[in-house]
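These are the residues of each chain, in order.
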Amino acid sequence: MVKAIRVHEYGTPEVMKWEDVEIGEPKSGEIKVKIKAIGVNFLDIYMRKGLVHEFTPPLPYTPGLESAGVVIAVGTDVTTCKVGDMVAYANYPVSAYAEEQILPADRVVPVPASIDPIIAAAAIFKGLTAEVLVRRCFKVGPGHTILYHAAAGGVGSVACQWANALGATVIGTVSTKAKAVQAKEDGCHHVIIYKEENFVDRIMEITSGKGVDVVYESIGKDTFEGSMACLKVRGHMVVFGMASGEHEPLRFIKVAEKGIYYIAPSIMLYTKERHELLAASEELFSNIEKGILRVRVNHKYPLSQAAHAHSDMESQKTTGSIVLLPDA
(Lines give C-alpha, C1' and ligand atoms only; values in the text may rest on other atoms or scores of the structure.)
Protein backbone atom coordinates (compact mmCIF):
# COMPACT_ATOMS: atom_id res chain seq x y z
CA MET A 1 0.00 0.00 0.00
CA VAL A 2 1.10 3.57 -0.68
CA LYS A 3 -0.33 6.95 0.25
CA ALA A 4 -2.19 9.01 -2.35
CA ILE A 5 -4.67 11.85 -2.69
CA ARG A 6 -8.11 10.57 -3.69
CA VAL A 7 -11.15 12.44 -5.02
CA HIS A 8 -14.52 10.75 -4.32
CA GLU A 9 -16.72 13.71 -5.31
CA TYR A 10 -16.34 16.96 -7.21
CA GLY A 11 -16.05 20.21 -5.31
CA THR A 12 -13.76 22.43 -3.22
CA PRO A 13 -10.17 21.53 -2.32
CA GLU A 14 -11.46 19.73 0.76
CA VAL A 15 -12.84 16.87 -1.36
CA MET A 16 -9.24 15.64 -1.76
CA LYS A 17 -8.51 12.95 0.84
CA TRP A 18 -5.22 11.41 2.01
CA GLU A 19 -5.66 7.65 1.78
CA ASP A 20 -3.94 4.27 1.45
CA VAL A 21 -4.16 2.78 -2.06
CA GLU A 22 -2.99 -0.41 -3.72
CA ILE A 23 -1.41 0.28 -7.11
CA GLY A 24 -0.18 -3.21 -7.94
CA GLU A 25 2.70 -4.15 -10.22
CA PRO A 26 3.44 -3.02 -13.78
CA LYS A 27 1.95 -5.03 -16.63
CA SER A 28 3.36 -5.41 -20.12
CA GLY A 29 4.56 -2.06 -21.43
CA GLU A 30 4.29 -0.41 -18.00
CA ILE A 31 6.69 0.77 -15.31
CA LYS A 32 6.40 1.55 -11.61
CA VAL A 33 7.89 4.86 -10.47
CA LYS A 34 8.76 6.06 -6.96
CA ILE A 35 7.75 9.70 -7.07
CA LYS A 36 10.24 12.42 -6.14
CA ALA A 37 8.07 15.45 -6.98
CA ILE A 38 4.67 16.26 -8.47
CA GLY A 39 3.68 19.37 -10.42
CA VAL A 40 0.37 21.12 -9.73
CA ASN A 41 -1.61 22.55 -12.66
CA PHE A 42 -4.85 24.44 -13.17
CA LEU A 43 -6.17 21.45 -15.09
CA ASP A 44 -6.01 19.52 -11.81
CA ILE A 45 -8.41 22.11 -10.37
CA TYR A 46 -10.76 21.96 -13.36
CA MET A 47 -10.93 18.19 -12.94
CA ARG A 48 -11.50 18.38 -9.17
CA LYS A 49 -14.40 20.76 -9.76
CA GLY A 50 -15.94 18.50 -12.42
CA LEU A 51 -15.56 21.11 -15.16
CA VAL A 52 -13.85 18.87 -17.73
CA HIS A 53 -15.57 15.48 -17.57
CA GLU A 54 -14.13 14.54 -20.95
CA PHE A 55 -10.62 14.48 -19.48
CA THR A 56 -11.36 13.38 -15.90
CA PRO A 57 -11.18 9.72 -14.81
CA PRO A 58 -14.31 8.18 -13.22
CA LEU A 59 -14.74 8.81 -9.51
CA PRO A 60 -12.95 8.01 -7.29
CA TYR A 61 -9.61 8.93 -8.81
CA THR A 62 -6.11 10.12 -7.95
CA PRO A 63 -5.42 13.60 -9.44
CA GLY A 64 -2.27 14.84 -11.09
CA LEU A 65 -0.78 15.13 -14.57
CA GLU A 66 2.91 15.76 -13.96
CA SER A 67 5.63 14.04 -11.95
CA ALA A 68 9.23 12.94 -11.85
CA GLY A 69 10.71 9.93 -10.09
CA VAL A 70 12.86 6.82 -10.18
CA VAL A 71 11.86 3.64 -12.00
CA ILE A 72 11.59 0.84 -9.40
CA ALA A 73 10.01 -1.93 -11.50
CA VAL A 74 9.37 -2.66 -15.18
CA GLY A 75 6.85 -4.90 -16.88
CA THR A 76 7.54 -7.11 -19.85
CA ASP A 77 8.25 -5.64 -23.27
CA VAL A 78 9.69 -2.39 -21.87
CA THR A 79 12.73 -1.20 -23.82
CA THR A 80 12.66 2.58 -23.29
CA CYS A 81 13.85 2.63 -19.65
CA LYS A 82 15.15 0.45 -16.85
CA VAL A 83 15.13 0.22 -13.05
CA GLY A 84 17.08 3.13 -11.58
CA ASP A 85 16.37 5.60 -14.39
CA MET A 86 15.09 9.08 -13.51
CA VAL A 87 12.04 9.82 -15.64
CA ALA A 88 9.26 12.38 -15.94
CA TYR A 89 5.82 12.36 -17.50
CA ALA A 90 3.11 14.85 -18.36
CA ASN A 91 -0.58 14.76 -19.20
CA TYR A 92 -2.01 11.23 -19.00
CA PRO A 93 -2.68 9.00 -17.14
CA VAL A 94 -4.17 11.15 -14.37
CA SER A 95 -2.60 9.64 -11.22
CA ALA A 96 0.37 11.75 -10.10
CA TYR A 97 -0.70 12.74 -6.54
CA ALA A 98 0.75 9.57 -5.02
CA GLU A 99 3.94 8.14 -3.53
CA GLU A 100 4.22 5.67 -6.43
CA GLN A 101 2.71 5.41 -9.92
CA ILE A 102 2.15 2.86 -12.64
CA LEU A 103 2.83 4.53 -16.00
CA PRO A 104 2.97 3.49 -19.66
CA ALA A 105 6.66 3.25 -20.47
CA ASP A 106 6.19 5.04 -23.79
CA ARG A 107 4.73 8.15 -22.06
CA VAL A 108 7.75 8.87 -19.82
CA VAL A 109 10.87 10.73 -20.89
CA PRO A 110 14.41 10.56 -19.50
CA VAL A 111 15.47 13.36 -17.17
CA PRO A 112 19.05 14.55 -17.77
CA ALA A 113 21.37 14.01 -14.80
CA SER A 114 22.00 17.77 -14.59
CA ILE A 115 18.32 18.53 -13.88
CA ASP A 116 16.91 18.06 -10.37
CA PRO A 117 13.75 15.93 -10.30
CA ILE A 118 11.90 18.77 -8.55
CA ILE A 119 12.71 21.03 -11.52
CA ALA A 120 11.71 18.26 -13.94
CA ALA A 121 8.36 17.74 -12.20
CA ALA A 122 7.71 21.48 -12.13
CA ALA A 123 8.66 21.89 -15.78
CA ILE A 124 7.50 18.90 -17.80
CA PHE A 125 3.75 19.62 -18.19
CA LYS A 126 4.11 23.42 -18.17
CA GLY A 127 7.20 23.34 -20.35
CA LEU A 128 5.65 21.03 -22.93
CA THR A 129 2.59 23.29 -22.92
CA ALA A 130 4.83 26.31 -23.52
CA GLU A 131 6.59 24.45 -26.34
CA VAL A 132 3.25 23.74 -28.01
CA LEU A 133 2.19 27.39 -27.59
CA VAL A 134 5.28 29.19 -28.91
CA ARG A 135 6.75 26.61 -31.27
CA ARG A 136 3.75 24.95 -32.90
CA CYS A 137 0.34 26.62 -32.40
CA PHE A 138 1.97 29.84 -33.55
CA LYS A 139 5.65 29.73 -34.46
CA VAL A 140 6.94 32.75 -32.55
CA GLY A 141 9.91 34.59 -34.00
CA PRO A 142 11.55 37.99 -34.54
CA GLY A 143 9.11 40.73 -35.46
CA HIS A 144 6.15 39.18 -33.68
CA THR A 145 4.32 40.84 -30.79
CA ILE A 146 2.53 38.49 -28.41
CA LEU A 147 0.10 38.93 -25.52
CA TYR A 148 0.29 36.43 -22.70
CA HIS A 149 -2.29 36.53 -19.90
CA ALA A 150 -1.22 35.36 -16.41
CA ALA A 151 2.42 35.92 -17.33
CA ALA A 152 3.63 35.14 -13.80
CA GLY A 153 2.01 31.68 -13.66
CA GLY A 154 3.78 28.36 -14.12
CA VAL A 155 3.23 28.11 -17.89
CA GLY A 156 3.45 31.87 -18.35
CA SER A 157 6.86 32.11 -16.72
CA VAL A 158 8.31 29.54 -19.14
CA ALA A 159 6.39 30.68 -22.24
CA CYS A 160 7.38 34.34 -21.84
CA GLN A 161 11.05 33.47 -21.42
CA TRP A 162 10.88 31.21 -24.47
CA ALA A 163 9.09 33.78 -26.64
CA ASN A 164 11.63 36.43 -25.63
CA ALA A 165 14.50 34.10 -26.54
CA LEU A 166 12.87 33.52 -29.93
CA GLY A 167 12.99 37.25 -30.62
CA ALA A 168 9.40 38.34 -30.04
CA THR A 169 8.15 41.44 -28.26
CA VAL A 170 6.36 40.03 -25.21
CA ILE A 171 3.43 41.73 -23.47
CA GLY A 172 2.20 40.10 -20.28
CA THR A 173 -0.74 40.74 -17.99
CA VAL A 174 -0.66 40.09 -14.24
CA SER A 175 -2.81 40.87 -11.20
CA THR A 176 -0.30 42.47 -8.79
CA LYS A 177 2.84 44.61 -8.69
CA ALA A 178 4.84 41.69 -7.24
CA LYS A 179 3.82 39.50 -10.17
CA ALA A 180 4.72 42.33 -12.55
CA VAL A 181 8.30 42.27 -11.23
CA GLN A 182 8.56 38.54 -11.90
CA ALA A 183 7.04 38.85 -15.37
CA LYS A 184 9.63 41.49 -16.26
CA GLU A 185 12.40 39.18 -15.05
CA ASP A 186 10.92 36.39 -17.16
CA GLY A 187 11.17 38.25 -20.45
CA CYS A 188 8.12 40.49 -20.72
CA HIS A 189 9.04 43.76 -22.42
CA HIS A 190 5.76 45.30 -21.26
CA VAL A 191 3.73 44.26 -18.21
CA ILE A 192 0.13 45.33 -17.64
CA ILE A 193 -1.48 45.06 -14.20
CA TYR A 194 -4.98 44.44 -15.47
CA LYS A 195 -6.64 45.44 -12.18
CA GLU A 196 -5.17 48.93 -12.52
CA GLU A 197 -5.48 49.69 -16.24
CA ASN A 198 -7.45 48.61 -19.29
CA PHE A 199 -5.26 46.04 -21.04
CA VAL A 200 -6.87 46.62 -24.46
CA ASP A 201 -6.16 50.37 -24.40
CA ARG A 202 -2.61 49.77 -23.17
CA ILE A 203 -1.86 47.17 -25.85
CA MET A 204 -3.15 49.42 -28.60
CA GLU A 205 -0.91 52.16 -27.24
CA ILE A 206 2.11 49.84 -27.17
CA THR A 207 1.46 48.56 -30.70
CA SER A 208 0.49 51.97 -32.15
CA GLY A 209 -3.00 50.66 -32.83
CA LYS A 210 -1.88 47.60 -34.81
CA GLY A 211 -2.66 44.94 -32.22
CA VAL A 212 -0.76 41.74 -31.53
CA ASP A 213 0.04 38.73 -33.70
CA VAL A 214 -1.11 36.18 -31.13
CA VAL A 215 -2.92 36.08 -27.79
CA TYR A 216 -2.28 33.23 -25.39
CA GLU A 217 -5.58 33.07 -23.51
CA SER A 218 -5.96 30.95 -20.37
CA ILE A 219 -8.22 33.22 -18.30
CA GLY A 220 -11.39 32.79 -20.34
CA LYS A 221 -14.60 34.68 -19.63
CA ASP A 222 -13.06 37.75 -17.96
CA THR A 223 -10.53 38.54 -20.69
CA PHE A 224 -11.65 36.83 -23.91
CA GLU A 225 -13.57 39.75 -25.44
CA GLY A 226 -10.69 42.12 -24.77
CA SER A 227 -8.24 39.59 -26.14
CA MET A 228 -10.17 39.42 -29.41
CA ALA A 229 -10.07 43.21 -29.63
CA CYS A 230 -6.27 43.17 -29.24
CA LEU A 231 -5.63 40.93 -32.23
CA LYS A 232 -4.44 42.33 -35.53
CA VAL A 233 -5.94 41.20 -38.83
CA ARG A 234 -5.31 37.46 -39.32
CA GLY A 235 -4.12 37.21 -35.74
CA HIS A 236 -4.07 33.95 -33.77
CA MET A 237 -6.20 33.34 -30.68
CA VAL A 238 -4.73 30.40 -28.75
CA VAL A 239 -7.12 29.34 -25.98
CA PHE A 240 -5.75 26.79 -23.51
CA GLY A 241 -7.54 27.50 -20.23
CA MET A 242 -10.56 29.04 -18.54
CA ALA A 243 -9.49 30.15 -15.05
CA SER A 244 -12.42 32.59 -14.82
CA GLY A 245 -14.87 30.31 -16.62
CA GLU A 246 -15.51 29.37 -20.24
CA HIS A 247 -15.77 32.29 -22.64
CA GLU A 248 -19.00 33.14 -24.44
CA PRO A 249 -19.77 31.17 -27.63
CA LEU A 250 -17.69 32.31 -30.56
CA ARG A 251 -19.71 34.24 -33.14
CA PHE A 252 -18.83 33.79 -36.80
CA ILE A 253 -18.98 37.51 -37.56
CA LYS A 254 -16.56 38.26 -34.70
CA VAL A 255 -13.97 35.90 -36.17
CA ALA A 256 -14.62 36.84 -39.79
CA GLU A 257 -14.21 40.59 -39.38
CA LYS A 258 -10.48 40.14 -38.78
CA GLY A 259 -9.95 36.69 -40.29
CA ILE A 260 -8.86 35.37 -36.89
CA TYR A 261 -7.36 31.91 -36.39
CA TYR A 262 -8.85 30.22 -33.29
CA ILE A 263 -6.81 27.36 -31.81
CA ALA A 264 -7.60 25.25 -28.72
CA PRO A 265 -4.53 23.05 -28.21
CA SER A 266 -3.93 20.07 -25.95
CA ILE A 267 -0.41 18.83 -25.35
CA MET A 268 -1.71 15.27 -25.62
CA LEU A 269 -2.61 15.91 -29.26
CA TYR A 270 0.78 17.50 -29.96
CA THR A 271 2.78 14.74 -28.25
CA LYS A 272 0.65 11.75 -29.21
CA GLU A 273 3.49 10.04 -31.04
CA ARG A 274 6.52 9.13 -28.95
CA HIS A 275 8.92 10.84 -31.35
CA GLU A 276 6.96 14.09 -30.85
CA LEU A 277 7.06 13.71 -27.07
CA LEU A 278 10.80 13.03 -27.06
CA ALA A 279 11.63 15.91 -29.42
CA ALA A 280 9.61 18.40 -27.38
CA SER A 281 10.99 17.24 -24.01
CA GLU A 282 14.57 17.22 -25.30
CA GLU A 283 14.22 20.80 -26.53
CA LEU A 284 12.68 21.82 -23.18
CA PHE A 285 15.38 20.18 -21.06
CA SER A 286 18.14 21.47 -23.36
CA ASN A 287 16.89 25.04 -22.92
CA ILE A 288 16.84 24.56 -19.14
CA GLU A 289 20.38 23.16 -19.15
CA LYS A 290 21.63 26.09 -21.27
CA GLY A 291 20.00 28.64 -18.97
CA ILE A 292 17.62 29.90 -21.67
CA LEU A 293 14.70 28.86 -19.48
CA ARG A 294 14.60 29.27 -15.71
CA VAL A 295 11.99 27.18 -13.90
CA ARG A 296 10.62 29.00 -10.87
CA VAL A 297 9.66 26.53 -8.16
CA ASN A 298 8.20 29.18 -5.88
CA HIS A 299 5.96 26.97 -3.76
CA LYS A 300 6.45 23.51 -2.23
CA TYR A 301 3.85 21.60 -0.21
CA PRO A 302 3.79 18.13 1.34
CA LEU A 303 1.76 15.77 -0.83
CA SER A 304 -0.73 15.30 2.01
CA GLN A 305 -1.43 19.06 1.88
CA ALA A 306 -2.50 19.12 -1.78
CA ALA A 307 -5.77 20.81 -0.77
CA HIS A 308 -3.79 23.75 0.60
CA ALA A 309 -1.85 24.02 -2.66
CA HIS A 310 -5.07 24.06 -4.68
CA SER A 311 -6.62 26.68 -2.40
CA ASP A 312 -3.60 28.98 -2.73
CA MET A 313 -3.48 28.55 -6.51
CA GLU A 314 -7.18 29.34 -6.93
CA SER A 315 -6.81 32.40 -4.69
CA GLN A 316 -4.02 33.80 -6.91
CA LYS A 317 -1.56 33.58 -4.03
CA THR A 318 1.03 31.72 -6.08
CA THR A 319 3.52 32.55 -8.81
CA GLY A 320 5.64 30.30 -10.98
CA SER A 321 5.43 26.55 -10.42
CA ILE A 322 3.92 24.65 -7.49
CA VAL A 323 5.19 21.21 -6.52
CA LEU A 324 4.05 18.56 -4.07
CA LEU A 325 6.72 16.51 -2.32
CA PRO A 326 6.13 13.07 -0.79
CA ASP A 327 5.71 13.35 2.98
CA ALA A 328 8.87 12.50 4.90
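Above this text sits the structure in question.
Bear in mind the structure is a predicted one, so any value in this text is a computation, not a measurement.

Asks: What exactly am I supposed to notice about the side chain of T62 here?
Replies: By the secondary structure assignment, T62 is in the loop between α1 (42-49) and β4 (66-74). By relative accessible area, which is 10% here, T62 ends up buried.

Asks: What is the right way to read α1 from this model?
Replies: Note on helix geometry: an α-helix contains 3.6 residues per turn, so any two residues three or four positions apart are oriented the same way. For α1, a buried count of 6 out of 8 residues is recorded, marking the element as mostly surrounded by other parts of the structure. If you check which residues of α1 are buried, you get L43, D44, I45, Y46, M47 and R48. Tucked inside the fold, the buried residues of α1 contact β2 (16-21), β3 (30-40), α2 (117-137) and α10 (306-314). Of the residues one or two after α1, G50 is the one with positive phi, at around 80 degrees.

Asks: When you look at the sheet that holds strand β12 (residues 231-239) in this model, what are you seeing that I'm missing?
Replies: Strand pairing in a sheet is mediated by backbone hydrogen bonds. Such pairs are either parallel or antiparallel. With respect to topology, 6 strands assemble into an open sheet ordered β10-β9-β8-β11-β12-β13, the strand pairing being parallel. Looking at which strands have only one partner, the edges of the open sheet turn out to be β10 (190-193) and β13 (261-263). Between one strand axis and the next, the sheet turns through 15 degrees on average, direction left out of account. Alignment of strand β9 (residues 169-174) against β10, held across 4 bridges, turns out to be parallel. Residue pairing in the sheet places T173 in a bridge with I192 of β10.

Asks: It is not clear to me how helix α4 (residues 177-185) should be interpreted in this structure. Could you clarify?
Replies: Among the residues of α4, those classed as buried are K179, A180, Q182 and A183. All buried residues of α4 lie within an arc of 165 degrees about the axis, which places them on one face of the element. Across α4 from its buried face, at more than 90 degrees, point the exposed residues K177 and A178. In this fold, the buried residues of α4 make contact with α3 (154-165), β9, β10 and β14 (297-302). Just downstream of α4, G187 is the residue with a positive phi angle, here 105 degrees.

About the cut-offs
Residues numbered from 1 in each chain as written. Predicted model: local features only at pLDDT ≥ 70, side-chain atom pairs only at ≥ 80, totals over all residues. Heavy atoms only, no water. Helix = DSSP H or I, 4+ residues; strand = E, 2+ residues; numbered from the N terminus. Buried < 20%, exposed > 50% of the residue type's maximum accessible area, 1.4 Å probe, protein only. Contact = heavy atoms within 4.5 Å. Pairing = 2+ DSSP bridges. Axes fitted to C-alpha atoms, helices over the stretch in contact; angles between N-to-C directions. Arc of directions from axis to C-beta.

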